[in-house]
Every structure is written in structure tokens, then in C-alpha cells.
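In case you want the letters, here they are:
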Amino acid sequence: MRPAPEISIVVPCYNERANVRPLVAALSHALAGRDWEVIFVDDNSPDGTIDEVRALAERDGRVRGLLRVGRRGLSSAVIEGVLSSSARIVAVMDGDMQHDESCLGRMIDAVAGDGYDIAVGSRHVAGGDNAGLASGWRTFLSDSGIRLVQMTLPVRLGDPMSGFFAMRRDLFAQTVPRLSGTGFKILLDVFLSAPRRPRVLEVPFVFRPRAAGESKLDILVLVQFVAMLADKLCRGFLPTRFIAFSLVGLAGILVNLAVLEVGRRLGADFTTGQWLGTLVAMVTNFWMNNALTYRDRRLRGARMWLGLALFMVICSAGAIADVGIARAIFSRDGQWGLASTAGAAIAVVWNYAVSSTLIWRVR
Ligand code: GDD
Ligand code: MN
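This structure is a prediction, so every number in the text was calculated from the model and none was measured.

Reading guide: rules and limits
Once a new chain begins, its residue numbering starts again from 1 and follows that chain's sequence as written. Note on labels: chains are lettered from A, ligands numbered from 1, in written order. Under the rules for a predicted model, residues below a pLDDT of 70 receive no local features and side-chain atom pairs below 80 are neither given nor counted, while totals for whole chains, interfaces and linings still include all residues. For the side-chain quantities, the full set of heavy atoms in the structure was used; hydrogens and water were omitted. Patch building starts from residues that exceed 30% relative accessible area and form no salt bridge, then joins like charges within 9 Å and nonpolar side chains (Val, Leu, Ile, Met, Phe, Trp, Tyr) within 5 Å. Residue exposure ignores everything except the shown protein chains as possible cover, and the areas themselves are Shrake-Rupley values with a 1.4 Å probe. For salt bridges, the criterion is a side-chain nitrogen of Lys or Arg within 4 Å of an Asp or Glu carboxyl oxygen. Each helix is a run of DSSP H or I of at least 4 residues and each strand a run of E of at least 2, with the numbering of both proceeding from the N terminus. Exposed residues in this analysis have more than 50% of their type's maximum accessible area, buried residues have under 20%, and partly exposed residues fall in between, with area computed by a 1.4 Å probe over protein chains only. Residues are labelled near a given molecule or strand when at least one of their non-hydrogen atoms is within 4 Å of it. Whenever a nitrogen or oxygen atom comes within 3.5 Å of another N or O atom, the pair is scored as a polar contact, on the condition that within protein one atom can donate a hydrogen and the other can accept it, and that pairs from neighbouring residues in sequence are kept only if both atoms are in side chains. Polar here means any residue outside two lists: the nonpolar Ala, Val, Leu, Ile, Met, Phe, Trp, Tyr, Cys and Pro, and the charged Asp, Glu, Lys and Arg; Gly therefore counts as polar. Water is absent from the atoms considered, so a metal site may look incomplete; donors are defined as N, O and S atoms within 2.8 Å of the metal, or 3.2 Å for Na, K and Ca. By definition, two strands form a pair when at least two bridges between them are found by DSSP. Axis angles are defined between N-to-C directions and span 0 to 180 degrees, where every axis is a line fitted to C-alpha atoms and, for a helix, only to the segment in contact. The criterion used for residue contact is that any of the two residues' heavy atoms lie within 4.5 Å.

Visitor: Looking at this structure, I do not really get a nonpolar patch on the surface. What am I missing?
Guide: The grouping of Val 226, Leu 247, Leu 250, Ile 253, Leu 254 and Leu 257 at the surface amounts to a nonpolar patch, some 560 Å² of accessible area in total. Of the residues forming the nonpolar patch, the biggest block, five residues, is contributed by helix 9 (residues 240-265). Structurally, Ile 253 can be placed in helix 9. Looking at Ile 253, the relative accessible area reads 47%, which means it is partly exposed.

Given below as C-alpha cells:
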């Protein structure tokens, strides 16, 4: 019999083919003398990352691959990787060599021997560095996000946005049912979902520039992040997807108003402007929902055009219901604020429920 290793390193990866081999070599060196395995969780990358993993695994039993088909998402990849492990300690690190593997030993020791629940590789404590962030814009986003987040956290943490950490697997398992699982920030999600305040050690490290390939973080990931925080503030009362859908809806109102205003300046009458505004808002809302709310099941090609047509039908029904309900309430109570809010709320719930089941087919 061969027992499970003591440590699993979970590595989410998407299009990281060129980084797989160097990472395994780096881990072998950094974890020499320890009982470990590495689990690459790949979302069926077009560059064939999983083939590279399988090729290594054929010769080295410490290498495992978890392939997910038809799904996307860093956080959910990490969650499933950890759930596939039977090790006492799990560590999570990026697959692009940006996280310094030589810190792993200290992080693991902190959890294995020193009574800590979580050890976080931190770019923001003395000795740590953010040098690898791609641009000034990224640095600004990262810093503002961190300040925002620190206000919501139960523990003091210099780098709550880190994706590099080691923790007790049993504690992770306890948080899983409450994790929102969307977006990029799995560690933050863990902190906001833990059943009790975890004991945390921060280990400084220098965030290296990416070795090969490119970053997957974009503006949509940021919006998803805001949706996750909103989800946590609502204590899971509303699903993250619904919050994202509502945010998109709000953006749609702005688009509608903007088009109406442009139309007015160009001399269009109100009805034409409103029609145009509604039409444009429907198309942009569909696009935003496809790229953001349902990012993990994004429609492409012919299915996308079919989805757009269906979306416009669904939203039109929603709009008719909206106006009808608002009219009914207004004629009874005479309060137009209440009437239009109720109409809009019911329309959003309708649009969300029907789009989720018919267009993006969320189970
Ligand atoms: N399976 C899977 N699915 N992996 C993904 C996905 C996905 O949809 N998106 C990204 N990854 C993998 C990448 O392949 C990489 O190994 C790791 O997740 C981090 O992604 P990057 O695209 O390299 O992110 P980054 O360098 O911009 O962000 C890093 O810094 C953040 C702090 O600013 C990451 O370390 C984040 O975890 C960290 O929070
Ligand atoms: Mn990276």
C-alpha cells in the first residue's frame, strides 16, 4: 500500500503549457525530502496544457492532472483541485512561475507544525514585493482593491488578494459549502467564509514577472470581484450570478439613457430614441451577461446569435410586464416611485430566471 502524500500543491492553469515542466522541476527542488504531489487543474486549454501534464505524470506519480471540460474559472478550479486531494495540507499557487516556490517550505511548516491554519504568501509585508505586476494600472487596481477588502476582513492581512497560500485541508473542506466560487480571489473567499477566525501567518515573497504566456486578468474579472464582495455582504442571501445580472441591468439603464440623449441631440423624437435606446441596451446587456454573468458557460458562434434573439424576446416580455405592473400599482396607489420600482424588480427577476434556464442553461 502507498499512502496519500502529506502535501498537495494545487495549480490552476489555463494556457500554461510552457510553464508546466519548469514548475514541476522547481517544486522537486524546493520540496526535496518532503512527501508531496502537484495537481494541475486545467480548463481544457486550447494550447494543450493537459497533454504536457499527462506526459510528465506518466513518468512521475507525484504529478496529477484534473481536466475540466466546458468550464472556466480560477476559483472553482482551485476548489475542485483541493476537493480531489486526500493530503493533510494543501497549498495553492499559480502555474506561471510568478509565485516563489522556495517559500513553500516555510508556509507548509507553519501549518504542519506551528499551529497555523493558513500561511499566506504575501507581497505586501516587509520583505515582500509587487515587482511582477504588469503595469501601473494593475498596481493601482491591486492597491485599491486591497484597501477596500481589508475593511471587510475578520483578520489583519497585508495581502488578502494573494493567490499563494497553504492551509489545512480539513479547514478548507469546512468552508467549501459557503464559498462563492466565482472569480479570482479564492483566498479572500476562504477568509470571508471560514466558520471561525483562522490563525494566519504571512510569509513575504517577491512576485516574479510571468515566465511565459499571458495573464488572464481583465476588467471583467474585476466586476466579478465586486459581485463576490456584494454576495458576501448579503451573506449569500442572493446568488452572485443574480447580483452580477442586476449590475449589468443597471449598466443597461445607463446605456439606454445615453442613446436616448444622443438621439435627442440628433433631433429624433422621444419614441424613436426610446426604441433605439432599448434595442442597444438589450444587445449590450446580452453581451455583458454572456461575457460576465455567465462567463463560465459563454455562448459562441451560432449559439450566441440564437441566445441574443431569445434574450431580446425574454426581455421584451419582461419590459411589457414591467410597464403593466407599474401601471396597475400606480392606478391603485398613485405613487409612481413605488410603482416603477416594483415593476422593475419583478422584470429583473423574470429576466434572470428565464435567461438562466433557457439561454445559459444553468442547472
Ligand atoms: N483552471 C483555470 N481556469 N486556471 C486559470 C483560469 C481559469 O479560468 N484563469 C486563470 N487561471 C490560472 C492561470 O493559468 C495562472 O496559473 C493562475 O490562474 C493565475 O492567473 P494569471 O492570469 O497569471 O493571474 P495574474 O498573474 O494576473 O494574477 C495573480 O495575481 C493576483 C493578485 O494580484 C494571481 O496570483 C492571482 O491569484 C492573484 O490573486
Ligand atoms: Mn500570473
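Visitor: Teacher, can you tell me more about the site of ligand 1 here?
Guide: In the vicinity of ligand 1 lie 27 residues, with Glu 16, Asp 94, Met 161, Lys 185 and Lys 216 positioned nearest. Contact distances for ligand 1 include 3.1 Å between an oxygen atom and a side-chain N or O atom of Arg 123. In this structure, Ser 215 approaches ligand 1 through a side-chain N or O atom, which is 2.8 Å from an oxygen atom. Coverage of ligand 1 by the protein chains reaches 98% of its 740 Å² of free accessible surface. Considering only residue class, the shell around ligand 1 consists of ten nonpolar, seven polar and ten charged.

Visitor: What is the right way to look at the pattern of salt bridges in this model?
Guide: Should the charged atoms of two oppositely charged side chains come close, the side chains can pair. Applying the stated rule across the entire model yields 20 salt bridges. Residue Asp 43 pairs with Arg 68 through a salt bridge whose shortest N-O separation is 2.7 Å. Of this pair, Asp 43 sits in the loop between strand 2 (36-42) and helix 2 (49-59) while Arg 68 sits in the loop between strand 3 (63-67) and helix 3 (74-83), placing them 25 residues apart in sequence. Take Asp 43 and Arg 68: they sit in the same class, and that class is buried. For Asp 159, the salt bridge identified is with Arg 123, shortest N-O distance 2.8 Å. Note that Asp 159 is positioned in the loop between helix 5 (136-150) and strand 6 (165-168) and Arg 123 in the loop between strand 5 (118-122) and helix 5, a separation of 36 residues in sequence. Under the relative-accessibility criterion, Asp 159 is labelled buried at 0%.

Visitor: Please clarify how the coordination of the manganese ion (ligand 2) should be interpreted in this entry.
Guide: Each donor-metal-donor angle in an ideal tetrahedron of four donors is 109.5 degrees, and each such angle in an ideal octahedron of six donors is either 90 or 180 degrees. Within the protein, Asp 96 (OD) and Gln 98 (OE1) serve as the donor atoms for the manganese ion (ligand 2), at 2.0 Å. For Asp 96, a relative accessible area of 4% puts it in the buried group.

Visitor: Sorry if this is basic, but what is going on with the sheet that holds strand 7 (residues 200-204) here?
Guide: Note on sheets: strands pair through backbone hydrogen bonds, and any given pair is parallel or antiparallel. The seven strands lie next to each other as 3-2-1-4-6-5-7, forming an open sheet whose pairing is mixed. Only two strands of the sheet have a single partner each, and these edge strands are strand 3 and strand 7. Pairwise comparison of adjacent strand axes, ignoring direction, gives a mean angle of 20° for this sheet. Where strand 1 (residues 7-13) and strand 4 (residues 89-92) come together, four bridges link them in parallel fashion. Looking at strand 4, one finds that Ser 8 is bridged to Val 90. Along the sheet, helix 2 contacts strand 1, strand 2 and strand 3; its crossing angle with strand 3, the most-contacted strand, is approximately 150°. Packed onto the sheet, helix 7 (residues 186-193) meets strand 5, strand 6 and strand 7 and runs at close to 145° relative to strand 5.

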